[in-house]
Amino acid sequence: MYDGSSAIYEMLERRSTVDIIATAGRRILVLEQRQPTRPLFPSLPGGGIDKGEKPIAAAKRELLEETGYVAEHILLLDEHFGNSKIYFHEYEYIARGCKKAVRQKLDGGEKIKVTFASFDEFLQLCRNPLFAVSVFLKFQMYE
């Protein structure tokens with residue numbers, strides 16, 4: 001410390017993640033998810049980045065696993081680094097021209113239904129407290 005004393009500052013760190021805003025035609029893929037310890041909640045395709053995996057590869061993998069869709073084009077929209085108490089690197093991607101390619105390959109703790117929303121319906125999701133996306137993305141949606 002500046003006065004010569006010492007103190008411990010605490011901060012949590014979690015695994016980096018990706019979220020994908022995926023479009024099929026003029027609609028946006030929105031997931032209805034259920035997990036063993038949570039009620040039904042809306043989300044976007046996404047999840048954790050595996051050790052040694054590039055964020056873009058994680059975005060493509062999560063999109064395919066959770067929805068069965070692949071994108072013609074995928075690009076980085078934004079990235080965030082958590083807040084002053086919790087560090088986590090979040091990447092947000094836009095995936096355009098998505099087409100169904102395979103069946104979903106879900107984790108044992110996931111039940112996911114793929115739904116579609118108009119742009120206006122998608123923007124309204126930011127008002128839903130259960131919508132599981134980055135708070136920074138919700139801010140962007142408000143803007």
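Preceding block: the structure.
The structure contained in this document is the topic of the report that follows. (Residues numbered from 1 in each chain as written. Predicted model: local features only at pLDDT ≥ 70, side-chain atom pairs only at ≥ 80, totals over all residues. Heavy atoms only, no water.)

**Comments concerning helix α1 (residues 55–67)**
An α-helix turns once per 3.6 residues; consequently, residues spaced three or four apart project the same way.
Inference 1: If you check α1, its first and last C-alpha atoms are 18 Å apart, about what 13 residues at 1.5 Å a residue would give, namely 18 Å.
Inference 2: Within the span of α1, buried status applies to P55, A58, A59, R61, E62, L63, E66 and T67.
Inference 3: G68 sits one or two positions beyond α1 and adopts a positive phi of about 85°. (Helix = DSSP H or I, 4+ residues; strand = E, 2+ residues; numbered from the N terminus. Expected span 1.5 Å × (residues − 1). Buried < 20%, exposed > 50% of the residue type's maximum accessible area, 1.4 Å probe, protein only.)

**Considering the side chain of H89**
Inference 1: Topologically, H89 is positioned in the loop between β8 (86–87) and β9 (90–96).
Inference 2: When its relative accessible area of 12% is taken as the criterion, H89 is described as buried.
Inference 3: Here the side chain of H89 touches E79 through a polar contact of 2.5 Å, side chain to side chain.
Inference 4: In this view, H89 contacts S16, T17, E79, H80 and F81; residues no more than four positions away in its chain are not counted. (Polar contact = N/O pair within 3.5 Å; in protein donor to acceptor, adjacent residues only side chain to side chain. Contact = heavy atoms within 4.5 Å.)

**Side note on the environment of L31**
Inference 1: Mapping L31 onto the fold places it in strand β3 (residues 27–35).
Inference 2: Taking the C-alpha atoms as reference, L31 lies 6.7 Å from P45; in sequence the two are 14 residues apart.
Inference 3: Setting aside chain neighbours within four positions, we find L31 in contact with F41, P42, S43, L44, P45, E66, T67, I112, K113 and V114.

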